[in-house]
Amino acid sequence: ELALKSLGSEGLFLFSSLDTNNDLYLSPEEFKPIAEKLTGVAPISEFEEEETSDTSGETLSIVAKFQPLVMETMTKSKDGFLGISHVALSGLRNWTAPAAPMSVLLAKQFKAFLPPKNKLDLGDPWWIIPSELNIFTGYLSNNRFYPPPPKGKEIIIHRLLSMFHPRPFVKTRFAPQGAVACIQASSTFYYTIAFRIHAEFQLNEPPHFPFWFSPGQFTGYIILSKDSSHVREFKLFVPNNRSLNVDMEWLYGASESSNMEVDIGYLPQMELESTGPSIPSVIHDENGNVIDSRDPSGEPIQFVFEEITWQQEIPWEEAARKLEVAMYPFKKVSYLPFTQAFERAKAEKKLVHSILLWGALDDHKPLSASPPVPGSGRTLRETVLESSPILALLNESFISSWSLVKELEELQNNRENEFYSKLADLHLEKYNFPVEMIICLPNGTVIHHINANYFLDITSMKPEDVESSIFSFSTNFEDPSTATYLQFLKEGLQRAKPYLR
């Protein structure tokens, strides 16, 4: 109360965003972002001092490529962003180019991507940055402007993402956080490491309120020597193969419980790529003497690199799937593209278990609102969809798929394939915001469906209060949501029997 009286609500909001341990006292570390903002000088961290003190070794040049979010893909663009202040979107509208189009890093800084000694099998994932959140721990505060200082293996990822924007958060507010990797290929001296990173950016600064920009994922690969002295190739990017790939959330008031707007949109390009292999920063002749990096005519010395012969290798798609399952255990069940799911169901004489969402099911974002409200895909994927009984029944009796509403609307309007258009039409007829779970025949006929909000409402009730016999609780499972979803799937199988004979 005293702090509120002294600072006012907006002043207290800013103070709280800096006071990370909520002790109503700003330590020098907590005050650091303001000091850097006012002075324009960022002190070198202990880690950077350690890295830059020894400049021997090889350097890697990386370029950033960035095309800004397509504003027309945001849902709120349909009514001309009615009721949304220009100030709220200023950080988004002004972000039109990467913060650093090019950067030169030491090859040895990429040692964070090397596997631990117990993870040397192809496709066996490990955590570069472990996820510290789950459905039980909740989520981190929305009321923050400046990222906490990165530590350990977070530092190289923070440094890379800072090429896009000066305020990357390498630990997202929502689970699953972090970065996961696996070996995709191995030779005598080199690894190809595939990785997936969940990170987000804060686009606004005081006096504006926070605006969170959360790409669905960053993925990519690095080819580096086993002693991290040489990097042959590096690429990191946000996948752009779906029609929506970024979640955005922004606050409208000076408190954690203030109104928050949420939207989704499409980012055409966000990627980092090495311009070539890492090269020595200092060149020695055969006698150990330092020589000029340019030949007598002034041209840079050309380096010749040996060809890498891979002794073991798995396809990129397999490595990416291993990382996906590490992030999302519910993906132990394959979720096929919409039309492909119906083709497979017809061939295998199975039902289609389909999830229709406003936002994606397998990106790290909360999908429907923030803080997460009942009905979000996030709640589904972290509870029932990854429980063993559900995974077993889905694998045995269903072909699974998830789709964005926007994608099915486009399919519905595509008259080139009437069957696919009809499938989309049948789905959208049953859809209610934000998530609808649907069971249907291979011909698209919906035989059962339930909205996620209703599903979570009834699973939060006491068993004796649930009137519907369809969603009665089983005594075999302690978790009512697992029991209820299992009942939903079994009811679908029962209703389909006359059609599947």
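Residues numbered from 1 in each chain as written. Predicted model: local features only at pLDDT ≥ 70, side-chain atom pairs only at ≥ 80, totals over all residues. Heavy atoms only, no water.

Asks: Looking at this structure, I do not really get the sheet that holds strand 21 (residues 435–440). What am I missing?
Replies: In a beta sheet, neighbouring strands are held together by backbone hydrogen bonds and run either parallel or antiparallel to one another. The sheet built from five strands is open, its strands ordered 18-20-19-21-22 with mixed pairing. Because the sheet does not close on itself, it has two edges, and the strands there are strand 18 (335–336) and strand 22 (446–451). Strand direction decides the pairing type here: strand 19 (residues 351–357) and strand 21, joined by six bridges, are antiparallel. Each bridged residue has a counterpart across the sheet, and for Leu-357 the counterpart in strand 21 is Val-435. (Pairing = 2+ DSSP bridges. Helix = DSSP H or I, 4+ residues; strand = E, 2+ residues; numbered from the N terminus.)

Asks: How should the sheet that holds strand 7 (residues 200–202) be read in this particular structure?
Replies: Ordered in space as 4-7-8-11-12, the five strands form an open sheet in which the pairing is antiparallel. The strands lining the two open edges of the sheet, one partner per strand, are strand 4 (168–169) and strand 12 (260–265). Here two bridges tie strand 4 to strand 7, and the two strands are oriented antiparallel to one another. Within the sheet, the bridge partner assigned to Pro-168 lies in strand 7 and is Phe-201.

Asks: Looking at this structure, I do not really get the pattern of salt bridges. What am I missing?
Replies: Side chains carrying opposite charge are able to pair once their charged atoms draw close together. For the structure shown, the criterion picks out 16 salt bridges. Here Glu-132 and Lys-171 are joined by a salt bridge, their closest N and O atoms 2.8 Å apart. Linking Glu-132 in the loop between strand 3 (126–129) and helix 5 (154–161) with Lys-171 in the loop between strand 4 and strand 5 (178–186), this pair joins segments that are 39 residues apart in sequence. Its salt-bridge partner being Glu-324, residue Arg-321 comes within 3.9 Å of it at the nearest N-O pair. Here Arg-321 and its partner Glu-324 are both found in helix 6 (residues 316–327), three residues apart, which amounts to about one turn of the helix. With relative accessibility at 29%, the residue Arg-321 sits in the partly exposed group. (Salt bridge = Lys/Arg side-chain N within 4 Å of Asp/Glu carboxyl O. Buried < 20%, exposed > 50% of the residue type's maximum accessible area, 1.4 Å probe, protein only.)

Asks: Just to check I follow, could you spell out helix 13 (residues 480–500) for this structure?
Replies: Between the first and last C-alpha of helix 13 there are 29 Å, a value that for 21 residues agrees with the 30 Å anticipated at 1.5 Å per step. Among the residues of helix 13, Ser-481, Thr-482, Ala-483, Thr-484, Tyr-485, Leu-486, Phe-488, Leu-489, Gly-492 and Ala-496 are the ones counted as buried. Elements in contact with the buried residues of helix 13: strand 19, helix 9 (388–397), strand 20 (398–404), strand 21, strand 22 and helix 12 (452–459). (Expected span 1.5 Å × (residues − 1). Contact = heavy atoms within 4.5 Å.)

Asks: Help me understand the environment of Leu-408 in this model?
Replies: For Leu-408, the location among the structural elements is in helix 10 (residues 405–412). The exposure class of Leu-408 is buried, given its relative accessible area of 2%. Separated by 70 residues in sequence, Leu-408 and Phe-338 place their C-alpha atoms 8.6 Å apart.

Asks: What is the right way to read the nonpolar core from this model?
Replies: As a rule of thumb, soluble globular proteins bury nonpolar side chains together. In this structure, Ile-355, Met-437, Tyr-485 and Leu-489 are the most contacted members of the largest nonpolar core, which totals 61 residues. Inspection of this core shows a minimum of three residues originating in each of domain 1 (58–324) and domain 2 (329–497). The next biggest cluster of nonpolar side chains, apart from the first, holds 54 residues, and it includes Leu-69, Phe-164, Phe-211 and Met-270. (Core = buried A, V, L, I, M, F, W, Y, C linked by side-chain atoms within 4.5 Å. Domains from an automatic or database assignment.)

Asks: So what exactly am I meant to see when it comes to the packing of aromatic side chains here?
Replies: Aromatic rings considered in pairs are described by the distance between their centres and by the relative angle of their planes. Tallied over the full model, the rule gives 23 aromatic pairs. The ring of Phe-237 has Lys-235 sitting right over it, with the charged end atom 5.6 Å from the ring centre. Above the ring of Trp-402, the side-chain terminus of Arg-242 is found at 3.9 Å from the ring centroid. (Phe/Tyr/Trp six-rings, centres within 6.5 Å; stacked < 30°, edge-to-face > 60°. Lys NZ or Arg CZ within 6 Å of the ring centre and 35° of its normal.)

Asks: Looking at this structure, how should I read the packing of helix 7 (residues 338–348) against helix 11 (residues 418–430)?
Replies: Angle between the axes and distance between the axes are the two parameters that describe a pair of packed helices. Packing of helix 7 against helix 11 brings their axes to within 11 Å, and their N-to-C directions diverge by 100°. As far as their axial angle goes, helix 11 and helix 7 are roughly perpendicular. The residues of helix 11 that touch helix 7, namely those facing Phe-338, Thr-339, Phe-342 and Glu-343, are Tyr-420, Leu-423, Ala-424 and His-427. Looking at the contact of helix 7 with helix 11, its residues break down into five nonpolar, two polar and one charged. (Axes fitted to C-alpha atoms, helices over the stretch in contact; angles between N-to-C directions. Parallel < 35°, antiparallel > 145°, perpendicular 65-115°, else oblique. Nonpolar A, V, L, I, M, F, W, Y, C, P; charged D, E, K, R; others polar.)

Asks: Just checking my understanding: could you explain the side chain of Glu-271 for this structure?
Replies: With respect to the secondary-structure elements, Glu-271 resides in strand 13 (residues 269–274). In this view, Glu-271 contacts Val-63, Ala-64, Lys-65, Phe-164, Lys-235, Leu-236 and Phe-237; residues no more than four positions away in its chain are not counted.

Asks: Looking at this model, I keep getting lost on the pairing of strand 9 (residues 218–225). Mind explaining?
Replies: In the case of a regular strand, side chains alternate between the two sheet surfaces. When you tally the buried positions in strand 9, you get eight out of eight residues, the bulk of the element. Of the two faces of strand 9, both are covered, the one formed by Phe-218, Gly-220, Ile-222 and Leu-224 as well as the one formed by Thr-219, Tyr-221, Ile-223 and Ser-225. Pairing of strand 6 (residues 190–198) with strand 9, which is carried by eight bridges, proceeds in the antiparallel orientation. The residue bridging Arg-196 from the neighbouring strand is Thr-219, located in strand 9. Both strand 9 and strand 10 (residues 231–237) contribute to a ladder of six bridges, which runs antiparallel. In the strand pairing of strand 10, Leu-224 is matched with Val-231. Where strand 9 hands over to strand 10, the hairpin turn is made up of five residues, of which Ser-228 adopts a positive phi near 60°.

Taken by themselves, the reported measurements are silent on function.
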